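What the coordinates show
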Amino acid sequence: MSALEGGCACGAVRYRLKSGPMFVNCCHCQDCQRQLGSAFVINAVIETDRIEVLSGELAVTTLPTDSGRPHDVYRCTACGTTIWSDYGRRKVMSFLRATTLDDRAVLSPDAHIFTRSKLPWVILPPDVPAFEVFYDLPNQWPPESLARLQTLMGG
Ligand SMILES: [Zn+2]
Ligand SMILES: [Zn+2]
């Protein structure tokens, strides 16, 4: 795996991941579509303390969601590029926008979620699990990622 480094559009924010993510979700929900102005988002789920910000400043914006849970996005203060977000104020677990990595192809989705609102012209690969809404973590996440999650959640 090449170095997991990335940044924002203007180059002020640069970051490095201290390890690979626990899991990579490709989300086709309406919140993501609306907030990104795109068909889907690729989120690398990782412990927040494994995102090392090398330069630049981030500001937090709280976005409303259909579920009502707060969605805090972290953006470059200079150009506004979203680098990561967290849901429901669970600050320890971040959803890093995987296509802000310098190597956009280094992480590919482990699962497609919220396919019920997938745009009709998006064709999913047959070999990646896809879910109408979400999945049960123990059925999809590898054991080592579940162990990391358990450590993160303090249990
Ligand atoms: Zn920037
Ligand atoms: Zn989504």
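Here, the structure is the one placed above.
Here's what I pulled together on the structure shown here. (Residues numbered from 1 in each chain as written. Chains lettered and ligands numbered in written order. Predicted model: local features only at pLDDT ≥ 70, side-chain atom pairs only at ≥ 80, totals over all residues. Heavy atoms only, no water.)

Remark: the centre distance and the inter-plane angle together describe each pair of aromatic rings, the angle taken between the planes. All chains considered together, the criterion is met by six aromatic pairs. Judged by centre distance (5.3 Å) and plane angle (55°), the ring pair of Phe131 and Tyr135 falls under tilted. Exposure remark for Phe131: the relative accessible area of 17% places this residue in the buried category. Judged by relative accessible area, which is 6%, Tyr135 ranks as buried. Taken together, the ring pairs connect Phe23, Phe131, Phe134, Tyr135 and Trp141 into an aromatic cluster. (Phe/Tyr/Trp six-rings, centres within 6.5 Å; stacked < 30°, edge-to-face > 60°. Buried < 20%, exposed > 50% of the residue type's maximum accessible area, 1.4 Å probe, protein only.)

Once that is clear, we can look at the pattern of salt bridges. Pairing is possible between side chains of opposite charge, provided their charged atoms come close. Here the structure, examined in full by the defined rule, presents 10 salt bridges. For Arg89, the salt bridge goes to Asp72, with nearest N and O atoms at 2.8 Å. On the criterion of sequence distance, the pair formed by Arg89 in the loop between strand E8 (82-87) and strand E9 (93-97) and Asp72 in strand E7 (residues 71-76) is long-range, its members being 17 residues apart. Owing to a relative accessible area of 45%, Arg89 belongs among the partly exposed residues under this scheme. The structure contains a network of salt bridges with shared partners spanning Asp72, Asp86, Arg89 and Lys91. (Salt bridge = Lys/Arg side-chain N within 4 Å of Asp/Glu carboxyl O. Helix = DSSP H or I, 4+ residues; strand = E, 2+ residues; numbered from the N terminus.)

Another point: the coordination of the zinc ion (ligand 1). Four donors placed tetrahedrally about a metal ideally form angles of 109.5 degrees, and six donors placed octahedrally ideally form angles of 90 or 180 degrees. The coordination sphere of the zinc ion (ligand 1) contains the protein donors Cys8 (SG), Cys10 (SG), Cys76 (SG) and Cys79 (SG), at a distance range of 2.3 to 2.4 Å. Metal-centred angles of 106 to 112° between the four donor atoms at the zinc ion (ligand 1) mark the site as tetrahedral. Sequence positions of the residues that donate to the zinc ion (ligand 1) give the spacing C-x1-C-x65-C-x2-C. (Donors = N, O, S within 2.8 Å, 3.2 Å for Na, K, Ca; no water. Tetrahedral: all angles 85-135°; square planar, octahedral: opposite > 155°, others 65-115°.)

On to the nonpolar core, then. The tendency in soluble globular proteins is for nonpolar side chains to be buried side by side. Ranked by size, the top nonpolar core spans 19 residues in total, and within it Tyr15, Leu17, Ile51, Ile83, Leu96, Leu101 and Leu107 carry the most contacts. Among the secondary structure elements, those contributing two or more residues to this core are strand E2 (14-17), strand E3 (23-27), strand E4 (41-47), E7 and E8. Excluding residues that lie within four positions of it along the chain, Ile51 makes contacts with Tyr15, Arg16, Leu17, Ile46, Trp84, Ser94 and Leu96. Of all hydrophobic cores here, the second largest spans 17 residues; its members include Cys32, Val45, Ile113 and Tyr135. (Core = buried A, V, L, I, M, F, W, Y, C linked by side-chain atoms within 4.5 Å. Contact = heavy atoms within 4.5 Å.)

Okay, the environment of Arg16 next. Along the chain, Arg16 falls in strand E2. The exposure class of Arg16 is partly exposed, given its relative accessible area of 31%. In the structure, Arg16 is positioned 34 residues away from Arg50 in sequence and 8.2 Å away in space, judged by C-alpha atoms. Sequence-distant contacts of Arg16, that is, excluding residues within four places in its chain, are made with Leu4, Glu5, Arg50, Ile51, Glu52 and Leu54. In terms of polar contacts, Arg16 uses its side chain to reach the side chain of Glu52, at 2.6 Å. (Polar contact = N/O pair within 3.5 Å; in protein donor to acceptor, adjacent residues only side chain to side chain.)

Our next topic: the coordination of the zinc ion (ligand 2). All of the protein donors around the zinc ion (ligand 2) are Cys27 (SG), Cys29 (SG) and Cys32 (SG); their distances to the metal are 2.1 to 2.3 Å. Sequence positions of the donors to the zinc ion (ligand 2) reduce to the motif C-x1-C-x2-C. Note on accessibility: Cys29 and Cys32 belong to one class, buried.

By the element assignment, Pro64 lies in the loop between strand E6 (58-63) and E7. Residue Pro64 is classed as exposed on the basis of its relative accessible area of 67%. Between the alpha carbons of Pro64 and Phe40 there is a distance of 17 Å; along the sequence they are 24 residues apart. If we skip the residues at most four places from it in the chain, Pro64 touches Asp31 and Gln35.

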